[in-house]
Amino acid sequence: MGCQPSETKRGDQEPSSQARTDSQFEAEFRSYKAACGHDPALQHFDETLHERANRVIGTLAGGLGVQSLSFDSLKEITGCLLESNEEVAKIILESRKNIWKNPHLFSLVEEYFENSKKALDFCIALQGCLNRARNNQLFIQLAVKYFEEEVGLQASDEKKFVKTLEELRKFKAAEEPFTKQFFLLFDSVRRQQALMLEKLLVRQRKLQKRLKSSKTWRRVSNVLFAATFVSVLIFSVVAAAIAAPTVVIALAGAMQVPISSAGNGATGFGIATRMS
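Residues numbered from 1 in each chain as written. Predicted model: local features only at pLDDT ≥ 70, side-chain atom pairs only at ≥ 80, totals over all residues. Heavy atoms only, no water.

Engineer: I'd like a rundown of empty space enclosed by the protein, residues and numbers included.
Structural biologist: Scanning the model with the defined rule gives one cavity of 30 Å³ or more in all. Space inside the largest cavity adds up to approximately 120 Å³. When residues of the lining of the largest cavity are traced back to their parent elements, those giving at least two are α3 (71-94), α5 (103-150) and α9 (215-243). Here the element with the most residues in the lining of the largest cavity is α9; it accounts for five residues. Partitioning the lining of the largest cavity into residue classes produces seven nonpolar, seven polar and no charged. (1 Å grid on protein atoms, 1.4 Å probe; cavity = no way out; pocket = protein on both sides within 12 Å on 5 of 7 lines; lining within 4 Å. Points joined across faces, edges and corners; volume = space filled by probe spheres on them. Helix = DSSP H or I, 4+ residues; strand = E, 2+ residues; numbered from the N terminus. Nonpolar A, V, L, I, M, F, W, Y, C, P; charged D, E, K, R; others polar.)

Engineer: Could you give an account of the packing of aromatic side chains, with specific residues and numbers?
Structural biologist: Overall, the coordinates contain 13 aromatic pairs when judged by the stated rule. The interplanar angle of 25° and the centroid separation of 5.6 Å between the aromatic rings of Phe122 and Phe182 together place this pair among those described as stacked. One end of the pair, Phe122, is in helix α5; the other, Phe182, is in helix α7 (residues 180-206), and 60 residues separate them in sequence. Residue class for Phe182 comes out buried when judged on its relative accessible area of 7%. Each member of the aromatic cluster is reached from another via a ring pair, and the members are Phe122, Phe178, Phe182, Phe183, Phe186 and Phe235. (Phe/Tyr/Trp six-rings, centres within 6.5 Å; stacked < 30°, edge-to-face > 60°. Buried < 20%, exposed > 50% of the residue type's maximum accessible area, 1.4 Å probe, protein only.)

Engineer: Before we move on, could you go through the packing of helix α2 (residues 40-60) against α3 and cite the residues and values that matter?
Structural biologist: Think of two packed helices as two axes; the pair is described by the angle between the axes and how far apart they sit. Across the interface, α2 lies against α3 with an axial gap of 9 Å and an inter-helix angle of 170°. In terms of their interaxial angle, α2 and α3 are classed as roughly antiparallel. Remark: the crossing between α2 and α3 carries left-handed chirality. Only Asp72, Ser73, Glu76, Ile77, Cys80, Glu83, Ser84, Glu87, Val88 and Ile91 of α3 make contact with α2, whose side of the interface consists of Phe45, Leu49, Arg52, Ala53, Arg55, Val56, Thr59 and Leu60. Taken together, the residues that form the contact of α2 with α3 break down as nine nonpolar, three polar and six charged. (Axes fitted to C-alpha atoms, helices over the stretch in contact; angles between N-to-C directions. Parallel < 35°, antiparallel > 145°, perpendicular 65-115°, else oblique. Left-handed = near helix turned anticlockwise from the far one by under 90°. Contact = heavy atoms within 4.5 Å.)

Engineer: Account for the pattern of salt bridges, with residues named and values stated.
Structural biologist: A complete count under the given rule lists twelve salt bridges for this structure. With a closest N to O distance of 2.9 Å, Arg219 and Asp39 form a salt bridge. Note that Arg219 is positioned in helix α9 and Asp39 in the loop between α1 (15-38) and α2, a separation of 180 residues in sequence. What makes Arg219 buried here is its relative accessible area of 16%. For Glu83, the salt bridge is made with Arg55, and the minimal N-O distance between the two is 3.9 Å. (Salt bridge = Lys/Arg side-chain N within 4 Å of Asp/Glu carboxyl O.)

Written out as structure tokens, the structure is:
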């Protein structure tokens, strides 16, 4: 969407402003919980989304600091984002006739998927980083293997440590897996997801009457809200895993119930966004 990062970070918000934001999210979660109770399809979506998010946060909480950003945890992040978008797309397609007829709802859906393209860019960039990191790891593994084979050779043997040093040179010359550009992209996508969540909140407040009168409106808007919320939470947790790993453990505890439970969900979001 080309949204520009806000000049005022969440951490710099006035307490009264943050309190209003928290209150708005709590109200939205109460509405979302009520909608889940009346819509089996939305309830199923909520449970599936919660399971994925819980899996990601649990994986991240298994380590400390940057060490918690293992191959497994990063793959979980990518998988969760992609699978969530697939679920959203499925629900959108089921209601496509009603959506195409309604310019307000169509605009909301269009904006969500435009925003999701950025998240997909992040997933592609992350996969490239993982491939480079895996290749670099292979150099070290081979160096250790060759060292164990060559350590027994005589000191006068010209082949002593030749293979070991060759692999170490490859590792030294290899490209840094996680570049500055990757982290800039990560921060940009994280901020865009947060802005999208705030826009959804504003849109839903303005269109409350429509939401009450239309099943399609309620289901689609709630699906977009929940999926965006989880995306924001995951990006915030990754940032917290680097800056403040104890926050990730707190979030893992807060996410032990479905997302539709307002108190725990809003608390988890509040912890994460304050640390990001």
